[in-house]
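Structural features, examined
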Amino acid sequence: MTAQAEQTTPKIFDRLKEDHDQHRDLLDRIAETTGESEKRKTLFTQLTKELKGHAAAEEQAVYSTMMRKPPTTDETRHSVAEHQELDEMLNDLAATDMSSSAWLQKFKEFAHRYRHHIEEEEEDHFPDFAEHMTDEDTRHMTKVFEKRKAKEKAEAEVTPEAADDAKE
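Numbering of residues begins from 1 in every chain and follows the order in which that chain's sequence is written. Local features in a predicted model are, by the rule used here, given only for residues with pLDDT of at least 70; side-chain atom pairs are given and counted only at 80 or more, and totals for whole chains, interfaces and linings are based on all residues. Excluded from the side-chain calculations are hydrogens and water; all other atoms, namely the structure's heavy atoms, are used.

**Section: the packing of aromatic side chains**
Going by this rule: Only centres within 6.5 Å qualify two rings of Phe, Tyr or Trp (six-membered ring in Trp) as a pair; their planes then separate them into stacked at under 30 degrees, edge-to-face at over 60, and tilted for everything else. Only DSSP runs of H or I with at least four residues qualify as helices, and only runs of E with at least two residues qualify as strands; both kinds are numbered from the N terminus onward. With a 1.4 Å probe rolled over the protein chains alone, any residue whose accessible area is under 20% of its type maximum counts as buried; one over 50% counts as exposed, and the rest are partly exposed.
If you walk through the whole model with that rule in mind, you get 5 aromatic pairs. Ring geometry for Phe-44 against Trp-103: centres 5.8 Å apart, planes inclined by 75°, an arrangement best described as edge-to-face. Residue Phe-44 is found in helix α3 (residues 38-67), and its partner Trp-103 is found in helix α5 (residues 101-131); the two are separated by 59 residues along the sequence. A centroid spacing of 6.2 Å and a plane angle of 10° characterise the contact between Phe-110 and Tyr-114, whose relative ring orientation is stacked. Residue Phe-110 and its partner Tyr-114 are located together in helix α5, separated by 4 residues, close to a single helical turn. For the residue pair Phe-110 and Tyr-114, the accessibility class agrees, reading buried in each case. One aromatic cluster is present, built from ring pairs that chain together Phe-44, Trp-103 and Phe-107.

**Comments concerning the packing of α3 against helix α6 (residues 135-155)**
Note the cut-off: Orientation is described by lines fitted to C-alpha atoms, with helices fitted over the stretch in contact, and by angles between N-to-C directions that extend from 0 to 180 degrees. An angle below 35 degrees is treated as roughly parallel, one above 145 as roughly antiparallel, one from 65 to 115 as roughly perpendicular, and anything else as oblique. Less than a right angle of anticlockwise turn of the near helix away from the far helix marks a crossing as left-handed, whereas a clockwise turn marks it as right-handed. By definition in these notes, contact holds between two residues if any of their heavy atoms fall within 4.5 Å. Polar here means any residue outside two lists: the nonpolar Ala, Val, Leu, Ile, Met, Phe, Trp, Tyr, Cys and Pro, and the charged Asp, Glu, Lys and Arg; Gly therefore counts as polar.
Packing of α3 against α6 brings their axes to within 8 Å, and their N-to-C directions diverge by 155°. With respect to their mutual orientation, α3 and α6 come out roughly antiparallel. α6 is crossed by α3, and the crossing has right-handed handedness. Taking contact as the criterion, the partners of Lys-49, Glu-50, Gly-53, His-54, Ala-56, Ala-57, Glu-58, Gln-60, Ala-61, Val-62, Thr-65 and Met-66 in α3 are, on α6, Asp-137, His-140, Met-141, Val-144, Phe-145, Arg-148, Lys-149, Glu-152, Lys-153 and Ala-154. Within the contact of α3 with α6, the residues separate by chemical class into 9 nonpolar, 5 polar and 8 charged.

This is the structure we're talking about:
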């Protein structure tokens, strides 16, 4: 990696980590709520829109670029697959009665899986990606992420599976 790339590469990853930190905070705040309270509903909706907007923008900006680089293809595929699993978990949570113990159990599992996902990105994937990025990649990722994040978040919905389909 060139000295110039070394200076600019962290910008996109710092931006993604800012989102991750916000997500960690929302997870913590939701964990402090009880029952089907307005606070829990509001925070869960906020978390869902944030996560769906972030994931879609991250896939379009970062993963689409890194998928084209053979040394990072496997890591990229792994992260995209985790995004799909996490989205399914979010939808299942939305279909589950928030006042039930099942909701809290599912939420705790979701929070654990999501924290693992973002730690893996920050500690393993981002440093590996940085080794293979050009200055142009960095500029492109940053521009696309910011543009897509706003659009994707605005369009994101809490999309529960049918309550009858909520996993036991």
